[in-house]
Amino acid sequence: MADNKSKGKLVDNQVFRFVLSAGAGFLVDVSAFYLFYHNLLTAHTYHIFGLTVRNYTVSLALSFFMGVVVNFLITRYMVFNESKSAPRKQFFRFVTVAIIGFFANLSVVKILIQACSFNPTVARISAALSLFFASFFIHKVFSFSLSLKRNHANSEHHKPGN
(Lines give C-alpha, C1' and ligand atoms only; values in the text may rest on other atoms or scores of the structure.)
Protein backbone atom coordinates (compact mmCIF):
# COMPACT_ATOMS: atom_id res chain seq x y z
CA MET A 1 0.00 0.00 0.00
CA ALA A 2 2.81 2.41 0.90
CA ASP A 3 4.44 1.62 -2.44
CA ASN A 4 1.32 2.78 -4.35
CA LYS A 5 1.19 5.95 -2.26
CA SER A 6 4.83 6.78 -3.11
CA LYS A 7 4.17 6.11 -6.81
CA GLY A 8 1.19 8.47 -6.64
CA LYS A 9 3.32 11.18 -5.04
CA LEU A 10 5.98 10.69 -7.69
CA VAL A 11 3.46 11.00 -10.54
CA ASP A 12 1.98 14.08 -8.86
CA ASN A 13 5.42 15.68 -8.71
CA GLN A 14 5.71 18.29 -11.44
CA VAL A 15 9.49 18.01 -11.73
CA PHE A 16 9.21 14.22 -12.15
CA ARG A 17 6.58 14.65 -14.88
CA PHE A 18 8.80 17.26 -16.56
CA VAL A 19 11.68 14.78 -16.46
CA LEU A 20 9.46 12.23 -18.23
CA SER A 21 8.27 14.82 -20.76
CA ALA A 22 11.75 16.13 -21.43
CA GLY A 23 13.00 12.54 -21.51
CA ALA A 24 10.52 11.64 -24.25
CA GLY A 25 11.47 14.71 -26.25
CA PHE A 26 15.12 13.96 -25.60
CA LEU A 27 14.76 10.37 -26.85
CA VAL A 28 13.07 11.58 -30.02
CA ASP A 29 15.75 14.27 -30.43
CA VAL A 30 18.78 12.04 -29.87
CA SER A 31 17.35 9.15 -31.89
CA ALA A 32 16.55 11.44 -34.79
CA PHE A 33 19.97 13.11 -34.49
CA TYR A 34 21.65 9.72 -34.69
CA LEU A 35 19.57 8.68 -37.72
CA PHE A 36 20.11 11.98 -39.55
CA TYR A 37 23.83 12.23 -38.75
CA HIS A 38 24.81 8.61 -39.39
CA ASN A 39 22.30 7.48 -42.03
CA LEU A 40 20.49 10.28 -43.83
CA LEU A 41 22.80 13.31 -43.95
CA THR A 42 26.04 11.59 -44.84
CA ALA A 43 27.77 14.44 -46.67
CA HIS A 44 30.18 16.40 -44.46
CA THR A 45 28.61 19.75 -45.38
CA TYR A 46 25.40 21.06 -46.96
CA HIS A 47 24.63 24.33 -48.71
CA ILE A 48 21.47 25.85 -47.27
CA PHE A 49 20.29 29.39 -48.11
CA GLY A 50 23.77 30.26 -49.35
CA LEU A 51 25.47 29.00 -46.18
CA THR A 52 27.74 26.02 -45.84
CA VAL A 53 26.53 24.03 -42.85
CA ARG A 54 28.08 20.92 -41.31
CA ASN A 55 26.08 17.73 -41.19
CA TYR A 56 25.87 17.73 -37.39
CA THR A 57 24.35 21.24 -37.46
CA VAL A 58 21.62 20.20 -39.91
CA SER A 59 21.06 16.99 -37.95
CA LEU A 60 20.77 18.97 -34.71
CA ALA A 61 18.31 21.48 -36.21
CA LEU A 62 15.99 18.77 -37.52
CA SER A 63 16.18 16.49 -34.48
CA PHE A 64 15.85 19.39 -32.04
CA PHE A 65 12.64 20.59 -33.70
CA MET A 66 11.17 17.09 -33.58
CA GLY A 67 12.03 16.80 -29.89
CA VAL A 68 10.54 20.23 -29.15
CA VAL A 69 7.18 19.29 -30.66
CA VAL A 70 7.00 16.05 -28.66
CA ASN A 71 8.20 17.80 -25.49
CA PHE A 72 5.65 20.63 -25.87
CA LEU A 73 2.70 18.30 -26.32
CA ILE A 74 3.57 16.17 -23.32
CA THR A 75 4.53 19.17 -21.17
CA ARG A 76 1.33 21.02 -22.02
CA TYR A 77 -1.00 18.13 -21.29
CA MET A 78 0.82 16.25 -18.53
CA VAL A 79 3.11 18.68 -16.69
CA PHE A 80 1.78 22.22 -16.73
CA ASN A 81 -1.84 21.38 -17.57
CA GLU A 82 -3.10 23.86 -14.95
CA SER A 83 -1.90 26.77 -17.09
CA LYS A 84 -4.70 29.07 -18.22
CA SER A 85 -2.68 30.57 -21.09
CA ALA A 86 -3.95 30.00 -24.61
CA PRO A 87 -2.34 26.95 -26.28
CA ARG A 88 -1.11 29.07 -29.21
CA LYS A 89 0.60 31.49 -26.79
CA GLN A 90 2.11 28.55 -24.89
CA PHE A 91 3.46 27.01 -28.08
CA PHE A 92 4.90 30.32 -29.31
CA ARG A 93 6.65 30.88 -25.99
CA PHE A 94 7.79 27.26 -25.79
CA VAL A 95 9.29 27.48 -29.28
CA THR A 96 10.94 30.83 -28.44
CA VAL A 97 12.62 29.26 -25.41
CA ALA A 98 13.49 26.21 -27.53
CA ILE A 99 15.13 28.39 -30.20
CA ILE A 100 17.30 30.04 -27.55
CA GLY A 101 17.97 26.56 -26.17
CA PHE A 102 18.86 25.37 -29.66
CA PHE A 103 21.62 27.96 -29.98
CA ALA A 104 22.83 27.20 -26.46
CA ASN A 105 22.86 23.49 -27.37
CA LEU A 106 24.60 24.18 -30.67
CA SER A 107 27.30 26.20 -28.90
CA VAL A 108 27.92 23.44 -26.37
CA VAL A 109 27.89 20.77 -29.12
CA LYS A 110 30.40 22.74 -31.22
CA ILE A 111 32.71 23.24 -28.24
CA LEU A 112 32.53 19.57 -27.28
CA ILE A 113 33.12 18.35 -30.84
CA GLN A 114 35.68 20.87 -32.05
CA ALA A 115 37.60 21.70 -28.87
CA CYS A 116 37.22 18.48 -26.89
CA SER A 117 36.96 15.93 -29.74
CA PHE A 118 33.73 14.41 -28.41
CA ASN A 119 31.76 11.99 -30.57
CA PRO A 120 28.87 14.07 -32.02
CA THR A 121 26.14 11.90 -30.44
CA VAL A 122 27.84 12.05 -27.02
CA ALA A 123 28.27 15.80 -27.44
CA ARG A 124 24.53 16.12 -28.22
CA ILE A 125 23.56 14.15 -25.13
CA SER A 126 25.96 16.12 -22.92
CA ALA A 127 24.67 19.45 -24.20
CA ALA A 128 21.04 18.51 -23.60
CA LEU A 129 21.70 17.30 -20.07
CA SER A 130 23.69 20.41 -19.19
CA LEU A 131 20.76 22.69 -20.05
CA PHE A 132 17.89 20.60 -18.63
CA PHE A 133 17.21 22.24 -15.25
CA ALA A 134 17.19 25.79 -16.59
CA SER A 135 14.53 24.77 -19.10
CA PHE A 136 12.14 23.51 -16.38
CA PHE A 137 12.03 26.87 -14.64
CA ILE A 138 11.96 28.92 -17.84
CA HIS A 139 9.09 26.89 -19.31
CA LYS A 140 7.11 26.93 -16.09
CA VAL A 141 7.33 30.69 -15.59
CA PHE A 142 7.56 31.98 -19.17
CA SER A 143 6.00 29.40 -21.50
CA PHE A 144 3.10 28.40 -19.25
CA SER A 145 2.80 31.56 -17.09
CA LEU A 146 2.89 29.66 -13.79
CA SER A 147 4.36 30.73 -10.48
CA LEU A 148 7.42 29.04 -9.02
CA LYS A 149 5.58 28.76 -5.69
CA ARG A 150 4.47 25.27 -4.83
CA ASN A 151 0.76 24.61 -4.79
CA HIS A 152 -0.01 22.66 -1.63
CA ALA A 153 -3.75 23.27 -1.67
CA ASN A 154 -4.47 19.73 -2.85
CA SER A 155 -2.07 18.02 -0.48
CA GLU A 156 -3.60 16.22 2.50
CA HIS A 157 -0.47 16.82 4.54
CA HIS A 158 -0.81 20.60 4.33
CA LYS A 159 -4.54 20.98 5.02
CA PRO A 160 -5.47 22.61 8.33
CA GLY A 161 -5.86 20.10 11.11
CA ASN A 162 -3.42 17.54 9.66
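Residues numbered from 1 in each chain as written. Predicted model: local features only at pLDDT ≥ 70, side-chain atom pairs only at ≥ 80, totals over all residues. Heavy atoms only, no water.

Engineer: Would you mind going over a nonpolar patch on the surface with me for this structure?
Structural biologist: On the surface, Tyr34, Leu35 and Leu40 cluster together into a nonpolar patch covering about 310 Å² of accessible area. Mapped onto the secondary structure, tyrosine 34 falls in helix H2 (residues 14–40). (Patch = residues over 30% accessible without salt bridge, like charges linked within 9 Å, V, L, I, M, F, W, Y side chains within 5 Å. Areas by Shrake-Rupley, 256 points an atom, 1.4 Å probe, with all protein chains shown as cover. Salt bridge = Lys/Arg side-chain N within 4 Å of Asp/Glu carboxyl O. Helix = DSSP H or I, 4+ residues; strand = E, 2+ residues; numbered from the N terminus.)

Engineer: Honestly, the layout of surface pockets in this entry has me stumped. Any pointers?
Structural biologist: To find the voids left in a structure, one rolls a probe of water-molecule size over its atoms. Taken as a whole, the second largest pocket spans an internal volume of roughly 580 Å³. Breaking the lining of the second largest pocket down by element, the ones donating at least two residues are H2, helix H3 (55–79), helix H4 (87–115), helix H5 (120–130) and helix H6 (132–143). Classifying every residue of the lining of the second largest pocket by side-chain character gives 17 nonpolar, 8 polar and 2 charged. (1 Å grid on protein atoms, 1.4 Å probe; cavity = no way out; pocket = protein on both sides within 12 Å on 5 of 7 lines; lining within 4 Å. Points joined across faces, edges and corners; volume = space filled by probe spheres on them. Nonpolar A, V, L, I, M, F, W, Y, C, P; charged D, E, K, R; others polar.)

Engineer: I tried to follow unusual backbone geometry on my own but got confused; where do I start?
Structural biologist: Most peptide bonds adopt trans geometry, and most residues besides glycine take a negative phi value. The phi angle at serine 117 is positive, at roughly 60 degrees, despite the residue not being glycine. With respect to the helices and strands, serine 117 occurs in the loop between H4 and H5. One non-glycine residue, serine 145, adopts positive backbone phi at about 50 degrees. Examined against the element boundaries, serine 145 turns out to sit in the segment after H6. We classify serine 145 as partly exposed; its relative accessible area is 37%. (Buried < 20%, exposed > 50% of the residue type's maximum accessible area, 1.4 Å probe, protein only.)

Engineer: Can you walk me through the nonpolar core in this structure?
Structural biologist: Across soluble globular proteins, nonpolar side chains show a tendency to be buried alongside one another. One finds Phe18, Tyr56, Leu60, Phe64, Phe80, Val109 and Phe144 to be the most contacted residues of the largest nonpolar core, which totals 24 residues. Residue contributions to this core peak at 7 residues, all from H4. Not counting residues up to four positions away in its chain, the partners in contact with phenylalanine 80 are Gln14, Phe18, Thr75, Phe136, His139, Lys140, Phe144 and Leu146. Of all hydrophobic cores here, the second largest spans 5 residues; its members include Phe36, Leu41, Val53 and Val58. (Core = buried A, V, L, I, M, F, W, Y, C linked by side-chain atoms within 4.5 Å. Contact = heavy atoms within 4.5 Å.)

Engineer: When you look at the side chain of arginine 76 in this model, what are you seeing that I'm missing?
Structural biologist: Its place among the elements puts arginine 76 in helix H3. As a buried residue without a salt bridge, arginine 76 has its nearest oppositely charged side chain in glutamate 82, at a separation of 10 Å. Dropping the residues within four chain positions of it, arginine 76 is found in contact with Asn81, Pro87, Gln90 and Phe144. (Lys, Arg positive; Asp, Glu negative; His and termini not counted.)

Engineer: So what exactly am I meant to see when it comes to H2 here?
Structural biologist: Since one α-helical turn is 3.6 residues long, residues separated by three or four positions face the same way. Taking 1.5 Å per residue as the helical rise, H2 with its 27 residues ought to reach 39 Å, and the 36 Å between its terminal C-alpha atoms agrees with that figure. Of the residues making up H2, those classed as buried are Gln14, Arg17, Phe18, Ser21, Ala22, Gly25, Asp29, Val30, Ala32, Phe33, Phe36 and Tyr37. Two or three places before valine 15, at the opening of H2, asparagine 13 has a side-chain oxygen 2.8 Å from that residue's backbone nitrogen. (Expected span 1.5 Å × (residues − 1). Polar contact = N/O pair within 3.5 Å; in protein donor to acceptor, adjacent residues only side chain to side chain.)

The values are spatial; any link to function lies outside them.
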